[in-house]
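# Fold and geometry: a report
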Amino acid sequence: MMDSKLQAGHQDSQSKSPAESGPAYWLSLEELEAHPGMAERYENEFMASPLSADDNGFARRDFLKVMGASLALATSACVRRPAATIIPYAKAPKEITPGEANFYTSSWFDGYEGAGLLVKTLEGRPIKLEGNPQHPINLGALSARAHAEVLSLYDPDRLRGPRRNLVNKDRSNSESVSTKFEEADAAILEVLKKGGVALVTGSKPSPSVRAIIGDFSRAFGVRWVEYDALSLESVREGQRLSYGRAVLPRYRFDLAQFVVSIDADFLGTLISPVEFTKQWSKRRTPGADMSRLVCFESTMSLTGMNADDRVRIRPSRQLDVAFALLNRLARKGATMPAGLAESAKAFSAAEGEAGLDPMFLDRVADELWKKRGTSLVLAGGLATATAQQLELQVVVNALNSVLGNDGKTVDHDSAVFQTYSGSAKSLATLIQDVAAGKVKTLIIDDLDLMTLLPKDSGFAEAIKKLENLIYTGNRNDATGRLSNWVLPVGSSLETWGDLELQSGIYSIQQPTIMPMYDTRSLGELLLAWTKAGSASARVKASETWLDYVKATWSQEIQSKTDLGRGKAFNDFWIELLQTGVAMSGGRRERTSSARAFVGRVSVKPAPNRAVMELVLHANSQMMDGRYANVPWLQELPDPVSKVVWDNYLAVSPAWAREQGVKQGDVIEITSGDFKMRAPAWIQPGLHDAVCTMAVGYGRKGLGKVAEDSGFDAYQAAMFNAGQPIFSGRLVELKKTKERYELVSTQIHHVMENRPLSLETTKAAFEKDQGSGIHRHHVFTIWPEHQYTKHKWAMTVDLNSCTGCSACVVACSSENNVQVVGKRYVMEGREMHWIRIDRYYKGDMASPDTVFQPVMCQHCENAPCETVCPVLATVHNDEGLNDMAYNRCVGTRYCANNCPYKVRRFNWFNYVKKRAEPLHMAYNPDVTVRTRGVMEKCTFCVQRIRRATNVAKDEKRPLRDGEIKTACQETCPADAIVFGDLNNKESRVAKLFAEKRAYTLLEELNNQPRVRYLTRVRHAERVDEKHGHGGGHAAGRAEDRQDQTTCAFEGGLV
Amino acid sequence: MHVVDSFVRNSFVRSFSFSAVYFSGVKRAAHGIAFLQGALPSLKTLSLASMLSMSMWLTACGWEWGSIGYNKGYAPEQPIPFSHELHAGQYKMQCLYCHSSAERANHSAVPSLNICMNCHLVVPGSEGNPWIPKLQEAYAKNEPIVWKKVHLLPDHVKFNHKRHVEKYGAPQACHKCHGPVESMETMYQFSSLSMGWCINCHRESENQAPVSCSTCHY
């Protein structure tokens, strides 16, 4: 339990700031404030009884059933029952060898982010998605959501065929019958021929789909509107207002030495986070050239947590920040754009009231001015979708123009032209026309507009005027239920397609499985319909959708690409399928030229209001909620709060204290006649007059997983006649008596305030690369272990890891890691083999953050091995800490003895809870663990075996980098490196030898095979007192008293 | 669900088949006590003696210790009584002709019908053989034959056929585990395929085979 020192410390913290009195690094507010429950958590490895409440019955009965069966089996000597069968192909496809994976190139786009894929398939079923290393956008990395597509394919809740809903006049009933596409075609063609048709889709970056939509529109006189729920329209419109042409620029973080972000979450959710993270992490190599990031934020975003300096602001102060910087730059000699001068003056006069730190802004402006042409200022995303969203964009563009960044770090030439063409404005006009009865038939492509559109859009009333509503969604969700026809589009892994994610980068989308159900992609659907109308030559010549895609490529794309020039189409096509991507060359590395800034704004500073402002934002795992029914993403701890299975209303600690609000208290949010309820989450780093909430949760009708997960935040947005407002809505918050259980994993597997996540300053690093690390003198009387063959090891660079958590999902996919559900996560039973610890540092109003991925450390002197009574976990001759599941009897001693808390126990047969056909996504290379078995990271031993076998076949030594673990492969920041220490030339061996490398709890002499590279911060924010990093932390439990004493003397990090 | 089922099944079969034998031994002992109460020196001795006699009896009956649950000798009836004795024995067909993936992959797959049809398109078999027409019909209808699995490794064991075939060559490598297949009228499981049996070979120094857990278990 707690010692008296700790108690004293707690009382102290009332008067002093927590940074002075509490632990320097803290995982949660409970830990910072030394909550009594935390001490208990330190004591208990396992958080609750294994058999509790209603699961008792299930678990025991089930166990007995299995046992009964096995006893019966055992009594009948030699006969094996039930007999297993083997069903070989009748006519085996040439390319398939049972048990061997085939990889196909493809691509993925979820409406916001796109990537090139390699789809791993086994016997014709995709089991894992990997990034295509040749694709210039994601370069082999993938985001967490991209991995989710494979589970989405096997989603048991998606529609298995078209449905006809028997809706009545005001669309209030919900009877639904299944139907056939042929039947639907016939009926719909009648409707189409009557005219008055409109089509609403999300942004469609696919050249073939754009072409068929064009053909379809011409054939039936269809009006096509694109709409994205998480709109980037303001960025595009801002560009038009500033430079005369609407483009979505391509930001070049690889060229930017200094980045200032105003609520732009470019590492988490904005435009192309994986690409941006790749670029950004390249500039994070410690040294003179290391880039610097300053964030002004109203939410606590992934980008803000990675910032060197982060300033919390209200959304109504975004413009103040932009103008403050512009004014300062003008004083330094930049030419103030004429159209902005007047507003800039007004903002300059009101600067004192904005509550910004003028000294800090001076420093930022100084540095921006110093780094003209290699800096970048950006704003965008939901949090900037205020009433002044366009003005903000124009001022930000002005900043880039006066700094000479335009054309350099803001590349408008190879821009993302077509990818995000969604426009709320055109949708608003369409809704008006629908309401006016001008549209008879509306086709909605896989957008649950009833959920995605705010109530004031008038969509719900307007569609009652429609004669026909056709919906191509995979579910009978809120929009589906109101539609006459629901025609499921299936998964992108089932159909042909293509993508032009950025201009000149074309990638192919190959089907990797036959459509599992009776589904048709949008292209197939429109092709079938267009054939019956006045079709174009291409439509007439195309028997199938594949023919149409091929025709588009041969007529429109081939000649534009380097790969295709001067080749016969078939040769080009075969090569394209192998590379997955074709480009028009040389464009990507070149910078463009500066444009003339012509923007004008007329805006006044917002008055100071003592009212709460609500900010809606997207988070990287859920985005608009399309994948809300994918259990991997629901169980993935939010990168910021580490909350699973829910969203919440985040409020600042000071506000919560003032209002007496505790974690999980349900808050009523009121604004005019709008009302909603959501549980409170106390989020360090938020402005005291700001509350934030993630969209994409609480979606109805998606399926069993999404149901009851979180709260629908879209309803708090305003459509505002085509200029959606997600941010800055003035709200009143009232605490209710209700409570709601929010589950955060960040208080699980705590490592008790030991010096784990180390950091240093840039200045200190330049003097001594090992600064920040306290080396311990450990010795042993035993000889060192000898490894004659391989010596596997891993390094994790804390300086480039952004905490995006893609690795967690990649690992789950590769290693068949089970999802356990909110209830069991609450009891600390999540199964993730890799976790991303998130440490806050400093005071809770505005903390710094460090992320630290922790997986099995594969210690040479592993504490888990010595306590296993059955030798289920032992060391092998390549230095891996092996885990033999079939030998494990589930004593859990190993988990108890592991100082890194990386072992996970199968309390139940989670396998049985996995609904079919989700089991088709299992990786057969990895054993599916059953109840009562311990498991943990294996360093992807199955990949090691595969690669070593290939090397043996080819009679050559293993090449460095040939084995990539699943987490390493998907990491957008390239923070993880895996390899063989016995190969002195390997990357991992070199990184191991770096002075910046350290091991966790070195003093225990476990000799982990995972080394971390310290995080190097730009100087200002690191308190020298803590910067020392090491301190003498006694790691053992019996020494905890000394440790806490030490903590309050400030010596411990 | 195949992966899961057989993993669960096998682990339970292993553990409970042993315990069933153990408990039945104890039960016999207990009956003995009731019958001769007081006449024998001690309960412990009795139960030990009983278990010993039980094990001797089982051994005498041809039990091979350690084979329980391993299905050695298992020879299920197949949907088509394919004879290895005829194909591999008399006609001396190479193992790898049909089981070609054994030298290419982890799995040595049962051949697909099109491999059978390479010959049976033109080889009708002896007069009145009902099976070859059945085979041809299945092929024509594109319907696979559902064979009974003879050699079943639990899913927590990863065995690489290719490595073994490469090292010892076919058919020597095949013989080591599958026995004299060319003399088997009906295919049966020749070896116990137990872990101890695997390890016995891997331990032989001339084989230079790895013995760490994660060689086979991951």
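Use the structure listed above.
Residues numbered from 1 in each chain as written. Chains lettered and ligands numbered in written order. Predicted model: local features only at pLDDT ≥ 70, side-chain atom pairs only at ≥ 80, totals over all residues. Heavy atoms only, no water.

### Side note on the nonpolar core
Residue and element names in this part refer to chain A. Under the convention used in this document: We define the nonpolar core as a collection of buried residues of types Ala, Val, Leu, Ile, Met, Phe, Trp, Tyr and Cys that are connected through side-chain atoms lying within 4.5 Å of one another. To sort residues, take the accessible area from a 1.4 Å probe on protein chains only and compare it with the maximum for the residue type: under 20% means buried, over 50% means exposed, and anything in between is partly exposed. In this description a helix means any DSSP run of H or I spanning at least four residues, a strand means any run of E spanning at least two, and both kinds are numbered starting from the N terminus.
Counting residues in each nonpolar core, the largest one holds 114 residues, and the members touching the most others are Leu633, Trp792, Met794, Met855, Phe939 and Tyr1012. Here this core gets six residues from one element, more than from any other, and that element is helix H6 (residues 144-153). Of all hydrophobic cores here, the second largest spans 60 residues; its members include Tyr112, Ala656, Val695 and Phe711.

### Regarding the pattern of salt bridges
All names here are of chain A. The test is simple: Note on definitions: salt bridges are taken to be side-chain nitrogens of Lys or Arg within 4 Å of carboxyl oxygens of Asp or Glu.
All told, the structure shown has 68 salt bridges over all chains when counted by the stated rule. Note that Asp688 and Arg312 form a salt bridge whose closest N and O atoms lie 3.2 Å from each other. With a gap of 376 residues between them, Asp688 in the loop between strand S26 (674-682) and strand S27 (690-694) and Arg312 in strand S13 (residues 309-312) connect regions that are remote in the sequence. Taking relative accessible area as the criterion, Arg312 reaches 24% and is therefore assigned partly exposed. Lys371 is the salt-bridge partner of Glu367, the closest N and O atoms lying 2.9 Å from each other. Residues joined in a network through salt bridges with shared partners are Lys128, Glu130, Glu814, Arg943 and Glu969.

### Looking at the packing of helix H12 (residues 318-331) of chain A against helix H14 (residues 358-370) of chain A
Residue and element names in this part refer to chain A. To be explicit about the condition: A fitted line through C-alpha atoms serves as each axis, taken over the contacting stretch for helices, and the angle formed by two N-to-C directions is quoted from 0 to 180°. An angle below 35 degrees is treated as roughly parallel, one above 145 as roughly antiparallel, one from 65 to 115 as roughly perpendicular, and anything else as oblique. In this scheme, a crossing is called left-handed if the near helix is turned counterclockwise away from the far one by less than a right angle; it is called right-handed if the turn is clockwise. Here, two residues are considered to be in contact whenever any of their heavy atoms come within 4.5 Å of each other.
Between H12 and H14, the least distance of the axes is 9 Å, while the angle of their chain directions is 60°. Here H12 is positioned oblique relative to H14, judged by the angle of their axes. The two elements H12 and H14 cross, and the hand of that crossing is right-handed. On H14, the residues that touch Ala324, Leu325, Arg328 and Leu329 of H12 are Pro358, Leu361, Asp362, Val364, Ala365, Leu368 and Trp369.

### A closer look at the packing of aromatic side chains
All names here are of chain A. Convention followed: Pairing of aromatic rings covers Phe, Tyr and the six-membered ring of Trp, with a centre-to-centre limit of 6.5 Å; geometry is then stacked below 30 degrees between planes, edge-to-face above 60, and tilted otherwise.
Taken as a whole and assessed by the stated rule, the structure comprises 26 aromatic pairs over all chains. Aromatic side chains Tyr506 and Trp553 sit 6.2 Å apart centroid to centroid with 70° between the ring planes, which places their arrangement in the edge-to-face category. Here Tyr506 is found in strand S20 (residues 505-509), whereas its partner Trp553 is found in helix H22 (residues 545-557), with 47 residues between them in sequence. Given the relative accessible area of 4%, Tyr506 is considered buried. Judged by relative accessible area, which is 0%, Trp553 ranks as buried. Through a chain of ring-to-ring contacts, three or more aromatic side chains come together here, namely Trp496, Tyr506, Trp553, Phe569, Phe572 and Trp573.

### Overview of the side chain of A:Asp185
All names here are of chain A. Operational definition: In protein, a polar contact requires one atom able to donate a hydrogen and another able to accept it; more generally it is a pair of N or O atoms within 3.5 Å, and residues adjacent in sequence count only if both atoms are side-chain atoms.
If you trace the backbone, Asp185 turns up in helix H7 (residues 181-193). A relative accessible area of 12% places Asp185 in the buried class. A polar side-chain atom of Asp185 sits 2.9 Å from a polar atom in the side chain of Arg520. Residues in contact with Asp185, not counting those within four places in the same chain, are Arg520, Ala528 and Trp529.

### Some remarks on unusual backbone geometry
The omega torsion of the bond from A:Glu916 to A:Pro917 falls at 0°, within 30 degrees of zero and hence cis. Its location among the elements puts A:Pro917 in the loop between helix H31 (910-913) and strand S37 (934-935). Of note, the amide linkage connecting B:Ala170 to B:Pro171 takes the cis form, showing an omega dihedral of 5°. Within the secondary structure, B:Pro171 sits in the loop between helix H7 (161-168) and helix H8 (172-178). Within the chain, B:Gln208 stands out as a residue other than glycine whose phi angle is a positive 50°.

Without other data, these values stay purely geometric and don't point to any function.
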